[in-house]
Amino acid sequence: GAGVSQTPSNKVTEKGKYVELRCDPISGHTALYWYRQSLGQGPEFLIYFQGTGAADDSGLPNDRFFAVRPEGSVSTLKIQRTERGDSAVYLCASSLGTGTGNEAFFGQGTRLTVV
Amino acid sequence: AQSVAQPEDQVNVAEGNPLTVKCTYSVSGNPYLFWYVQYPNRGLQFLLKYITGDNLVKGSYGFEAEFNKSQTSFHLKKPSALVSDSALYFCAVRDDNYGQNFVFGPGTRLSVLP
């Protein structure tokens, strides 16, 4: 498909385990974003990539969270030593270039449940 | 830093009536404003944006929004609501003084009653 693809769509993990969430952006989009959405709330910014580099990671809540985008396309959000409070929907988005007026296109999200 | 407020958690409107979903923002630089819609168990879907120019912008599915600089508002509107418009609506802002991330409001749940 032509949209942003996120896998898995659902992930259940035990407290303390490590998880990886994958995002495949729209082809040709150089900007990629990760957001986290808790029930009943708006999306919360985590990290933004321009190309391969993390241009802004100020939203990552702590050092258990890390994201990579090694080839400037697919990105992986990694969470170590998961906690129950990490349970949320993790949204990925991509946009064309760095223009502030460019809208972002979102994937359907990965619902992470830590039990 | 930039911020977005959506003062109404819930908006109810009868089918066929006009609808308004409110949004106000705070930025230090020039605002770039966006509306997104979220259907159950789906990601966010882009509706429309304001960058510059005409204060009234038109978007998908008959939605429009009016930018008001003096009131720092960007309310979403539709002349005639459909039951299928029932969803969660998010306003978002970018501030060219603060980088590229989108700051989202808390969302407004719109219910269109038949």
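Just above sits the structure.
Since the structure is predicted, the reported quantities are computational estimates derived from the model, not experimental observations.

Undergrad: For this particular structure, what's the right way to read the interface of chain A and chain B?
TA: Size of an interface, as often reported, equals the accessible area lost when the parts are brought together. Taken together, the contacts link 22 residues of chain A with 20 residues of chain B. Taken as a group, A:Thr100, A:Glu103 and A:Phe106 account for 30% of the area that chain A buries against chain B, more than any other trio of residues on that side. Between the two partners, chain A and chain B, sit one salt bridge. Residue A:Glu103 is joined to B:Lys49 by a salt bridge in which the shortest nitrogen-to-oxygen separation is 2.6 Å.

Undergrad: Where do I start with the pattern of salt bridges in this structure?
TA: Think of it this way: side chains of opposite charge can pair up when their charged atoms draw near. Residues and elements named next belong to chain A. A complete count under the given rule lists eight salt bridges over all chains for this structure. Between Asp24 and Arg22 there is a salt bridge whose closest N-O contact spans 3.9 Å. Residues participating in the shared-partner salt-bridge network are Arg64, Glu83 and Asp86.

Undergrad: What am I meant to see in the sheet that holds strand S1 (residues 5-7) of chain A here?
TA: The strands making up a sheet associate through hydrogen bonds between their backbones, and the pairing can be parallel or antiparallel. All names here are of chain A. Strand order in this open sheet of four strands is S1-S3-S8-S7, and the pairing throughout is antiparallel. Among the strands making up the open sheet, the edge pair consists of S1 and strand S7 (65-68). Ignoring strand direction, the axes of neighbouring strands in this sheet form an average angle of 15 degrees. Bridge analysis of strand S3 (residues 19-24) against strand S8 (residues 75-79) gives five bridges, and the strand direction is antiparallel. Bridging from a neighbouring strand, Cys23 pairs with Ser75 of S8.

Undergrad: Help me out: how do you make sense of the packing of aromatic side chains in this one?
TA: Describing an aromatic ring pair means giving the distance of the ring centres and the angle of the ring planes. According to the stated counting rule, one finds 17 aromatic pairs over all chains in the structure shown. Here the aromatic rings of B:Tyr36 and B:Phe46 are separated by 5.8 Å at their centres, their planes lie at 65 degrees, and the arrangement is edge-to-face. Residue B:Tyr36 is found in strand S5 (residues 31-38), and its partner B:Phe46 is found in strand S6 (residues 44-50); the two are separated by 10 residues along the sequence. Exposure remark for B:Tyr36: the relative accessible area of 0% places this residue in the buried category. Judged by centre distance (4.1 Å) and plane angle (15 degrees), the rings of B:Tyr50 and B:Phe67 are stacked. Note that B:Tyr50 is positioned in strand S6 and B:Phe67 in strand S8 (residues 64-68), a separation of 17 residues in sequence. The class of B:Tyr50 is buried, set by a relative accessible area of 7%. Looking at B:Phe67, the relative accessible area reads 6%, which means it is buried. Connected via pairs of aromatic rings, a cluster forms that spans A:Tyr33, A:Tyr35, A:Phe45, A:Tyr48, A:Phe106, B:Phe34, B:Tyr36, B:Phe46, B:Phe90, B:Phe102 and B:Phe104.

Criteria and thresholds
Residues numbered from 1 in each chain as written. Chains lettered and ligands numbered in written order. Predicted model: local features only at pLDDT ≥ 70, side-chain atom pairs only at ≥ 80, totals over all residues. Heavy atoms only, no water. Contact = heavy atoms within 4.5 Å. Buried area = accessible area lost by both parts, 1.4 Å probe. Salt bridge = Lys/Arg side-chain N within 4 Å of Asp/Glu carboxyl O. Pairing = 2+ DSSP bridges. Helix = DSSP H or I, 4+ residues; strand = E, 2+ residues; numbered from the N terminus. Axes fitted to C-alpha atoms, helices over the stretch in contact; angles between N-to-C directions. Phe/Tyr/Trp six-rings, centres within 6.5 Å; stacked < 30°, edge-to-face > 60°. Buried < 20%, exposed > 50% of the residue type's maximum accessible area, 1.4 Å probe, protein only.

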